[in-house]
Amino acid sequence: LLIMSVLLTTLVTAQTNKWSTLEELTLVLPEHEALAQFEGEWEVNIQFHFDEKEKQPLKGSGSADNKVVLGGRFIESRSQNIAFGMSITSIAYLGFDVRLQKYTLYSMDELGNFAINAYGDYKKSDNKFLFEGSTMDYVTRENQEFRIIYDFEGEDMIKYEVDFLLPDGTYRPYIHADFTRKK
């Protein structure tokens, strides 16, 4: 009877811990609230630096609509841009993973048949999100490290950069965009 009592107590305690952990995982945290800065409608001016030898970037413009979704846990960003004669739609999700204690970015667009994942941090003092990730280069099939920076220059301007890591440890600019909040 004593063994059954101890076993039942252990099972009940384990189940309670499981549910309290599940509840902790579903909370909206201050880290999620920092993502709300992205919310809104934005005008976008974008530059693509596809060829590092070519000094003139390919330019484009468009708009982005960013919404807080799933109870404040994620930002859904949908953008439409016209660049180098193409209409380019992209969708991205930004969040905060409480398990990893990292911000997350999942993004896909019409320039490829793949998505990218990146993880990062938010530096409140600089009002910047910095994500890092890796992807396979479509042409060389080699792993390519990259970083994505969202630099909030006030509540109505975001500077966006995508840079690729070079073998010498420096970064090569790939995409630069200015997001200006629509009035």
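What counts and how
- Residues numbered from 1 in each chain as written.
- Predicted model: local features only at pLDDT ≥ 70, side-chain atom pairs only at ≥ 80, totals over all residues.
- Heavy atoms only, no water.
- Helix = DSSP H or I, 4+ residues; strand = E, 2+ residues; numbered from the N terminus.
- Areas by Shrake-Rupley, 256 points an atom, 1.4 Å probe, with all protein chains shown as cover.
- Buried < 20%, exposed > 50% of the residue type's maximum accessible area, 1.4 Å probe, protein only.
- Pairing = 2+ DSSP bridges.
- Core = buried A, V, L, I, M, F, W, Y, C linked by side-chain atoms within 4.5 Å.
- Contact = heavy atoms within 4.5 Å.
- Polar contact = N/O pair within 3.5 Å; in protein donor to acceptor, adjacent residues only side chain to side chain.

Draft legend 1. Expanded view of the overall build of the protein chain. Along the backbone of the protein chain there are two helices and ten strands. As displayed, the protein chain has an accessible area near 11,900 Å², and 55% of this comes from carbon and sulfur atoms.

Draft legend 2. Broad picture of the pairing of strand 1 (residues 40-48). Residues Gly-40, Trp-42, Val-44, Ile-46 and Phe-48 point to one face of strand 1 and are all buried, whereas Glu-41, Glu-43, Asn-45 and Gln-47, pointing to the other face, are not buried. Relative to strand 2 (residues 58-69), strand 1 is paired through nine bridges, and the arrangement is antiparallel. Bridge assignment links Glu-41 to a residue of strand 2, and that residue is Asp-65. Examined bridge by bridge, strand 1 and strand 10 (residues 171-181) share seven bridges and lie antiparallel to one another.

Draft legend 3. Geometry of the nonpolar core. If you look at the biggest cluster of nonpolar residues, it comprises 32 residues, and the most contacted ones within it are Phe-38, Phe-129, Phe-131, Ile-148 and Tyr-150. With residues up to four places along the chain from it excluded, the contact list for Phe-131 reads Leu-94, Tyr-103, Thr-104, Leu-105, Ala-118, Tyr-119, Gly-120, Phe-146, Arg-147, Ile-148 and Tyr-150.

Draft legend 4. Structural detail: the pairing of strand 4 (residues 86-97). Sheet topology places strand 3 (residues 74-83) next to strand 4; ten bridges connect them, and they run antiparallel. Counted as the bridge partner of Ile-82 is Ser-87 from strand 4. Joining the antiparallel neighbours strand 3 and strand 4 is a turn of two residues, in which Phe-84 adopts a positive phi near 40 degrees. Bridging between strand 4 and strand 5 (residues 102-109) involves eight bridges; their strand directions are antiparallel.

Draft legend 5. Structural context of the environment of Tyr-103. Of note, Tyr-103 is situated in strand 5. Separated by 26 residues in sequence, Tyr-103 and Phe-129 place their C-alpha atoms 8.3 Å apart. At 2.8 Å, the side chain of Tyr-103 and the backbone oxygen of Glu-31 are in polar contact.

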